[in-house]
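# Reading the structure
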Amino acid sequence: MQEAIRFTDHAEDYLGAARRLAEQARLSLGAPPTVQDVVAELHAFAVTQHDMGGWPAVGEVEDSVLISSASGDRGLAEEGLQLARELVRKWPKYRLPLDWVSEEVWITSLSEKAASVEDLFATVESQVRFHKLVKVRRS
């Protein structure tokens, strides 16, 4: 839920807004989330989207696999691939992206990307530079 605070009211309102944001957040805002925490939320979102009849969460499923793989957690990446296999069988074809080829092509492509850990980490490093972050620890 979006909330706006007027600049003139910032001093009085920002603590309440921060508290409401923390209450709504699915991940803790008090400590950095683990890769497992982030992936679990991506999986939960993908499943919830499907259960509610929403658009297939293709990007979130892909992110869960690639983040897991880039972090070195092959088991967690495999869990994401398994979720992808389960969800893709359930997703209505008319709701898939227009450039969708097939279930098999998507799973194969995702598996290949996940297996290329060095390429994934190069992407992470380029994003760290692009966003002017200090560093990302490599496991």
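As shown above, the structure is provided for reference.
Below, the structure is looked at part by part. Within each chain, residue numbers correspond to sequence positions counted from 1 in written order. Since the coordinates come from a predicted model, pLDDT governs what is reported: local features require at least 70, and pairs of side-chain atoms require 80 or more to be given and counted, while whole-chain, interface and lining totals use all residues. Excluding hydrogens and water, the side-chain values take into account all heavy atoms of the structure.

### A closer look at the overall build of the protein
- When you go through the protein residue by residue, the secondary structure sums to 6 helices and 0 strands.
- The secondary structure elements of the protein, listed N-terminal to C-terminal, are α-α-α-α-α-α.
- Scaling as 2.2 N^0.38, a compact globule of 139 residues should have a C-alpha radius of gyration of about 14 Å, whereas the protein reaches 18 Å, well beyond that.
- Here the C-alpha coordinates of the protein stretch approximately 55 × 35 × 25 Å along the principal axes.
- Per-residue accessibility, obtained with a 1.4 Å probe over protein chains only, is compared with the maximum for each type, and a residue is labelled buried under 20%, exposed over 50%, and partly exposed between these values. Burial analysis of the protein (139 residues in total) assigns 25% to the buried set.
- For the protein, contacts bridging at least 24 residues in sequence account for 51% of all contacts bridging at least 6. Starting at the N terminus, helices and strands are each numbered in turn, a helix being any DSSP run of H or I of at least four residues and a strand any DSSP run of E of at least two. Our radius of gyration is a C-alpha quantity, and the globule rule it is checked against amounts to 2.2 Å times the number of residues to the power 0.38. Any two residues whose heavy atoms approach within 4.5 Å are treated as being in contact.

### Remarks on the pattern of salt bridges
- For this analysis, a salt bridge means a side-chain nitrogen from Lys or Arg found within 4 Å of a carboxyl oxygen belonging to Asp or Glu. Scanning the entire structure with this criterion turns up 4 salt bridges.
- When the shortest N-O distance is used, the salt bridge between Lys 93 and Glu 103 registers 2.6 Å. One end of the pair, Lys 93, is in the loop between α4 (74-90) and α5 (103-115); the other, Glu 103, is in helix α5, with 10 residues separating them in the sequence.
- Judged by its relative accessible area of 29%, Glu 103 is partly exposed.

### Description of unusual backbone geometry
- Despite not being glycine, Lys 132 has its phi angle at roughly 55°, a positive value.
- Mapping Lys 132 onto the fold places it in the segment after α6 (117-130).
- Judged by its relative accessible area of 75%, Lys 132 is exposed.

### Things to note about helix α3 (residues 58-70)
- Multiplying one less than the number of residues by 1.5 Å gives the expected span of a helix. In a regular helix each residue adds 1.5 Å, so 13 residues correspond to 18 Å; α3 covers 18 Å between its end C-alpha atoms and thus fits that length.
- Looking at α3, one finds that the buried residues are Val 58, Val 61, Ser 64, Val 65, Leu 66, Ser 68, Ser 69 and Ala 70.
- Where the residues of α3 are buried, they touch α2 (35-51), α4, α5 and α6.
- Positioned one or two residues after α3, Gly 72 has a phi angle of 95°, which is positive.

### Some words on the nonpolar core
- Nonpolar core, defined: a set of buried Ala, Val, Leu, Ile, Met, Phe, Trp, Tyr and Cys residues in which side-chain atoms within 4.5 Å join the residues together. Counting residues in each nonpolar core, the largest one holds 20 residues, and the members touching the most others are Val 61, Trp 91, Trp 106 and Leu 110.
- Where this core is concerned, the elements lending two or more residues are α3, α4 and α5.
- Those residues in contact with Val 61 that lie beyond four places of it in its chain are Ala 46, Gly 80, Ala 84, Leu 87, Trp 91 and Trp 106.

### Quick look at a nonpolar patch on the surface
- Together, Ile 5, Tyr 14 and Leu 15 make up a nonpolar patch on the protein surface, roughly 270 Å² of accessible area in all.
- Examined against the element boundaries, Tyr 14 turns out to sit in helix α1 (residues 10-24).
- A relative accessible area of 38% places Tyr 14 in the partly exposed class. Like charges are joined within 9 Å and nonpolar side chains (Val, Leu, Ile, Met, Phe, Trp, Tyr) within 5 Å, but only among residues with over 30% relative accessible area and no salt bridge; these make up the patches. Every accessible area reported is derived by Shrake-Rupley at a probe size of 1.4 Å, with residue values counting cover from the shown protein chains alone.

### Concerning the environment of Ala 77
- Tracing the backbone shows Ala 77 in helix α4.
- Taking C-alpha positions, Ala 77 is 14 Å from Thr 34, a pair spaced 43 residues apart along the chain.
- In contact with Ala 77, not counting residues within four places along its chain, are Val 65, Ser 68 and Ser 69.

### A word on the packing of α3 against α5
- For helices, the fitted line uses only the C-alpha atoms of the stretch in contact; every axis is such a line through C-alpha atoms, and the angle between N-to-C directions lies from 0 to 180 degrees. Running from N to C, α3 and α5 point in directions that differ by 30°, and their axes come no closer than 8 Å. Compared by their axis directions, α3 and α5 come out roughly parallel. Like other packed secondary-structure pairs, α3 and α5 cross with a definite hand, here right-handed. On α5, the residues touching Val 58, Val 61, Glu 62, Val 65, Leu 66 and Ser 69 of α3 are Trp 106, Leu 110, Lys 113, Ala 114 and Ala 115.
- Any residue outside Ala, Val, Leu, Ile, Met, Phe, Trp, Tyr, Cys, Pro, Asp, Glu, Lys and Arg is labelled polar, Gly included; the first ten of those are nonpolar and the last four are charged. For the contact of α3 with α5, a count of residues per class yields 8 nonpolar, 1 polar and 2 charged. Angle categories are assigned with fixed cut-offs, so that under 35 degrees is roughly parallel, over 145 is roughly antiparallel, 65 to 115 is roughly perpendicular, and the rest are oblique. Left-handed describes a crossing in which the near helix is turned anticlockwise from the far one by less than a right angle; the clockwise case is right-handed.

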